[in-house]
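# Observations on the model geometry
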Amino acid sequence: IINRYPNVHAFEWVQQASILAHPKTRGFISHVGLNSYNEAAHYGVPIVAIPCFGDQFGNSVIAVKRGIAVQISRKEINTELLSNALNQILYNPRYDLV
């Protein structure tokens, strides 16, 4: 499937901080674990937060309150919700963090 899309690349492993530090990275879909949250905040990358368990729910609430994330419930996620969340972090000036 990936081969049909020239702008999608598959890797076995990449260093997350390197991706978040790249100047063309405009958004991050994440479970919002503490390391992911801290790295995204450090590099000024807005987050679509989809918490799954543990500290992720609290991290997501804090990220939303600080204006660096939009949260989606993993139980309610669908194409429309994900598309709307991505549009928010990509095109709403509120999420221009850098």
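Keep in mind that what you see is a predicted model, and the values were worked out from it rather than measured. (Residues numbered from 1 in each chain as written. Predicted model: local features only at pLDDT ≥ 70, side-chain atom pairs only at ≥ 80, totals over all residues. Heavy atoms only, no water.)

### Some remarks on the overall build of the protein
Along its length, the protein carries 4 helices and 3 strands. Listed N to C, the secondary structure of the protein is α-β-α-β-α-β-α in terms of helices and strands. In terms of C-alpha radius of gyration, the protein reaches 13 Å, essentially the compact-globule figure of 13 Å for 98 residues. For the C-alpha atoms alone, the extent of the protein along its principal axes is close to 35 × 30 × 30 Å. Here the analysis covers contacts within the protein between residues at least 6 apart in sequence; of these, 38% occur between residues at least 24 apart. Only carbon and sulfur atoms are counted for the fraction: they give 55% of the accessible area of the protein, which is about 7,000 Å². The distance from the centre of the 8 positive side-chain charges to the centre of the 6 negative ones in the protein is 4 Å. (Helix = DSSP H or I, 4+ residues; strand = E, 2+ residues; numbered from the N terminus. Rg over C-alpha atoms; globule rule 2.2 N^0.38 Å. Contact = heavy atoms within 4.5 Å. Areas by Shrake-Rupley, 256 points an atom, 1.4 Å probe, with all protein chains shown as cover. Lys, Arg positive; Asp, Glu negative; His and termini not counted. Charge placed at Lys NZ, Arg CZ, Asp CG, Glu CD.)

### Quick look at the side chain of Ser-30
Along the chain, Ser-30 falls in strand S1 (residues 28-30). What makes Ser-30 buried here is its relative accessible area of 7%. Within the structure, the side chain of Ser-30 is placed 2.9 Å from the backbone nitrogen of Val-32, a separation counted as a polar contact. What Ser-30 contacts, discounting residues up to four positions off in sequence, is Ser-36, Ile-47, Val-48, Ala-49 and Ile-50. (Buried < 20%, exposed > 50% of the residue type's maximum accessible area, 1.4 Å probe, protein only. Polar contact = N/O pair within 3.5 Å; in protein donor to acceptor, adjacent residues only side chain to side chain.)

### Some points on a nonpolar patch on the surface
Together, Ile-1, Ile-2, Tyr-5 and Val-8 make up an exposed nonpolar region whose accessible area comes to about 410 Å². Looking at the element boundaries, Ile-2 is found in the segment before helix H1 (16-21). (Patch = residues over 30% accessible without salt bridge, like charges linked within 9 Å, V, L, I, M, F, W, Y side chains within 5 Å. Salt bridge = Lys/Arg side-chain N within 4 Å of Asp/Glu carboxyl O.)

### Digging into helix H4 (residues 79-91)
A rise of 1.5 Å per residue sets the reference length of H4, with its 13 residues, at 18 Å; its end C-alpha atoms lie 18 Å apart and thus fit the reference within 8%. For H4, the N-terminal cap is Asn-78; the gap from its side-chain oxygen to the backbone nitrogen of Glu-80 is 3.0 Å. (Expected span 1.5 Å × (residues − 1).)

### Here we look at the environment of Glu-80
With respect to the helices and strands, the residue Glu-80 is situated in helix H4. Residues Glu-80 and Cys-52, 28 residues apart in the sequence, show an inter-C-alpha distance of 19 Å.

### Brief notes about unusual backbone geometry
In this structure, Val-32 takes a positive phi of about 65 degrees despite not being glycine. Inspection of the secondary structure assignment puts Val-32 in the loop between S1 and helix H2 (34-43). Note on Val-32: relative accessible area 1%, which makes it buried.

### Here we look at the nonpolar core
Counting 11 residues, the largest nonpolar core is built from Leu-20, Phe-28, Val-32, Tyr-37, Ala-40, Val-45, Ile-47, Ala-49, Ala-63, Ile-68 and Ala-69. Here Ile-47 is in contact with Phe-28, Ser-30, Tyr-37, Ala-40, Ile-68, Ala-69, Val-70 and Ile-89, once residues within four sequence places are set aside. Judged by nonpolar contacts, the second largest core, of 7 residues, contains Val-48, Ile-72, Ala-85 and Ile-89. (Core = buried A, V, L, I, M, F, W, Y, C linked by side-chain atoms within 4.5 Å.)

### Notes on helix H3 (residues 56-65)
Regarding H3, the residues found buried are Gln-56, Asn-59, Ser-60 and Ala-63. Each buried residue of H3 lies within a common arc of 100 degrees when the element is viewed along its axis, so the set occupies one face. The secondary structure elements touched by the buried residues of H3 are H2, strand S2 (47-49) and strand S3 (69-71). One or two residues past the end of H3 sits Gly-67, with phi positive at roughly 75 degrees. (Arc of directions from axis to C-beta.)

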